[in-house]
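# Analysis of the macromolecular model
Residue-level listing of the chains:
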Amino acid sequence: MVTRSRPEKVSTAFVKLADTLVADYDVLDMLHTLAEECVDLLQVDQVGLLLAGPHGDLQVVASTSEQSELVEILQLQAGEGPCIECYHTGSVVTIADIAALDKWPAFQQAALRQGFASVHVVPLRIHERVIGAMGLFGSATGDLEQEDAVIAQALASVATISLLQERTIRESQIVNDQLQRALNSRIMIEQAKGVIAQISTVTMDEAFSRLRNHARSTHQTLNDTSQQVIDRTLVL
Amino acid sequence: MLNLPGDDDLCAVFLTELPVTGAAISIFVGTANETRMGATDDRAIALDEAQFSVGEGPRWDAMRTRAPVIVPDTRAAHLEWPALGTALADAGAAAVFVLPLIVGAVNIGVVEMYHTRPGSLSAPTLLHAQTLTSTTSWALMHSILDEGRRNPGAMTESEPLARREIHQATGMILVQADVSAAEALMLLRAHAFAHEQTLAEAAQAVINRSLNFAAEPDAVSDSAGSEEH
């Protein structure tokens, strides 16, 4: 097994994300890459990304696991919890010991039940505008190392820029449009996962990896691939 | 008519925000197959009706392609839609802009706008129109999913659209019942209402494969919400 140094891994992760900045890249694939890279690089076990919808409600757009447990916690958080707080304040939220929390009882209960002991949330922010949040969940208690926190924020910033494409960030209209496209794509993907799960009798996790593998190997976006699956011109 | 909140207000925002003379919104999901939601004026309604009666025109193209259809000069409309002929121009519209109302793969309806002067929409204006349309789509979808709720207090579900299981179940049901995504979602909604479940609960049952909407006699009556599963 080839062991790479930390700086090597970090720079590889940034290159990977930067690769998504080329024309007609797939936003959702990029967000999944971000989540996976964070688990790889930082001392965390699961990562979830949430973007704000048209009414300011947070929606899960990418996560390292499609397992319902993580998504459930993230969805729950959309109502109350560290992610929504991070989104509203625009500041990092660190919970070193979830068991010791004296607020957000629903979040606390759900997170502990799933074996999460700590969470670190960084805002997805461009200038003064917060467009979402990234939650890093750990099975051990303790603050994120300072270095890890810096890397997490830097990865989140690169992802935000690629999500909104730098040249357009000053136009709030385009920001809204991009956000809504991403959220719509996410719904399309979930619907396509359902179609695959039904036709091929597989789990949602397996359905997603079939979708993603096909999109990548045919150089299509997840959104377009999902559309074909839903139209049933493509069977995965 | 669906009893959804703010129907005409939904149209008014297009008039305030965009360089158009009038707007109408039609939705195709809910209790009726085809229901006009609201319009800013009678001409907007007439334009929709002219296309509806002949079964062709920009509103149908926008629905089918799930993309905006821009008609900068209605005097040339007969070239593309012979049956429609000069009906749009006769109704007093010089330009027509139709945008689909969609959430994921679910087709909700269309926004039809017109101007009394010919001309297209600039790229930024079209982008703005699409954002408005998207916001309207989400608001409508929330209302549609809420509509007909028997026991509102007991089944309040904040942000049902944010719940993945609802969309996953929609995908499964559209295969089971061989229907569109919109119809699949309505089947799920009907079941949830009939069984006093939240949409998320009904969706989870579909994902767990304990609830199925396959087109069998019992499943059909189930979709009408009249039978225990």
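It should be noted that the structure appears before, not after, this text.
Rules and cut-offs
Residues numbered from 1 in each chain as written. Chains lettered and ligands numbered in written order. Predicted model: local features only at pLDDT ≥ 70, side-chain atom pairs only at ≥ 80, totals over all residues. Heavy atoms only, no water. Helix = DSSP H or I, 4+ residues; strand = E, 2+ residues; numbered from the N terminus. Buried < 20%, exposed > 50% of the residue type's maximum accessible area, 1.4 Å probe, protein only. Contact = heavy atoms within 4.5 Å. Areas by Shrake-Rupley, 256 points an atom, 1.4 Å probe, with all protein chains shown as cover. Core = buried A, V, L, I, M, F, W, Y, C linked by side-chain atoms within 4.5 Å. 1 Å grid on protein atoms, 1.4 Å probe; cavity = no way out; pocket = protein on both sides within 12 Å on 5 of 7 lines; lining within 4 Å. Points joined across faces, edges and corners; volume = space filled by probe spheres on them. Nonpolar A, V, L, I, M, F, W, Y, C, P; charged D, E, K, R; others polar. Salt bridge = Lys/Arg side-chain N within 4 Å of Asp/Glu carboxyl O. Pairing = 2+ DSSP bridges. Axes fitted to C-alpha atoms, helices over the stretch in contact; angles between N-to-C directions.

## What about the overall build of chain A?
- For chain A, the helix and strand inventory stands at 9 helices and 5 strands.
- Listed by position from the N terminus, the elements making up chain A come as α-α-β-β-α-α-β-α-β-β-α-α-α-α.
- Taken over 236 residues, chain A has a buried fraction of 55%.
- Long-range pairs, those at least 24 residues apart, make up 60% of the contacts in chain A with a sequence separation of at least 6.

## Digging into the overall build of chain B
- Helix and strand content of chain B: 10 helices and 5 strands.
- Sorting the 229 residues of chain B into buried and exposed places 56% on the buried side.
- Across chain B, the fraction of contacts at a sequence separation of at least 24, relative to all contacts at a separation of at least 6, is 61%.
- Accessible surface, chain B: about 9200 Å² in total, of which carbon and sulfur atoms supply 51%.

## Details of the nonpolar core
- Ranked by internal contacts, the top residues of the largest apolar core, which has 106 residues, are L51(A), I25(B) and I108(B).
- If one sorts the elements of this core by residue count, helix α7 (residues 172-200) of chain A sits on top with 10 residues.
- L50(A), A52(A), Y87(A) and I98(A) belong to the second largest nonpolar core, which has 25 residues in total.

## Some details on empty space enclosed by the protein
- Considering all chains together, one arrives at 2 cavities of 30 Å³ or more under this definition.
- Q59(A), V60(A), L183(A), R186(A), I187(A), E190(A), L161(B), A162(B), R164(B) and H167(B) together form the lining of the largest cavity.
- Those elements that provide at least two residues to the lining of the largest cavity are β2 (58-63) and α7 of chain A together with α7 (164-176) of chain B.
- Among the elements that line the lining of the largest cavity, the one with the most residues is α7(A), at 4 residues.
- A per-class count over the lining of the largest cavity returns 5 nonpolar, 2 polar and 3 charged.
- The computed volume of the second largest cavity comes to approximately 30 Å³.
- Lining the second largest cavity, in full, are V195(A), I196(A), I199(A), V229(A), R232(A), L234(A), V235(A) and L236(A).
- Partitioned by chemical class, the residues of the lining of the second largest cavity number 7 nonpolar, no polar and 1 charged.

## Section: the pattern of salt bridges
Residue and element names in this part refer to chain A.
- In this structure the tally under the stated criterion is 14 salt bridges over all chains.
- Among the salt bridges present, the one from R216 reaches D29, with a minimum N-O distance of 2.8 Å. With a gap of 187 residues between them, R216 in helix α8 (residues 204-217) and D29 in helix α2 (residues 27-41) connect regions that are remote in the sequence.
- By relative accessible area, R216 is classed as partly exposed at 43%.

## Considerations on the sheet that holds β2(A)
Residue and element names in this part refer to chain A.
- Read across the sheet, 5 strands follow the order β2-β1-β5-β4-β3 without closing on themselves; strand pairing throughout is antiparallel. Here the strands that pair on one side only, and so sit at the sheet edges, are β2 and β3 (93-95). With direction set aside, neighbouring strand axes in the sheet form an average angle of 20°.
- When strand β1 (residues 46-52) meets β2, the two strands line up antiparallel, connected through 5 bridges. When the sheet's bridge partners are listed, L50 is paired in β2 with V60.
- Of the strands in this sheet, β1, β4 (118-126) and β5 (129-138) touch helix α6 (residues 146-164), which is tilted by about 40° from β4.

These figures capture arrangement, not role.
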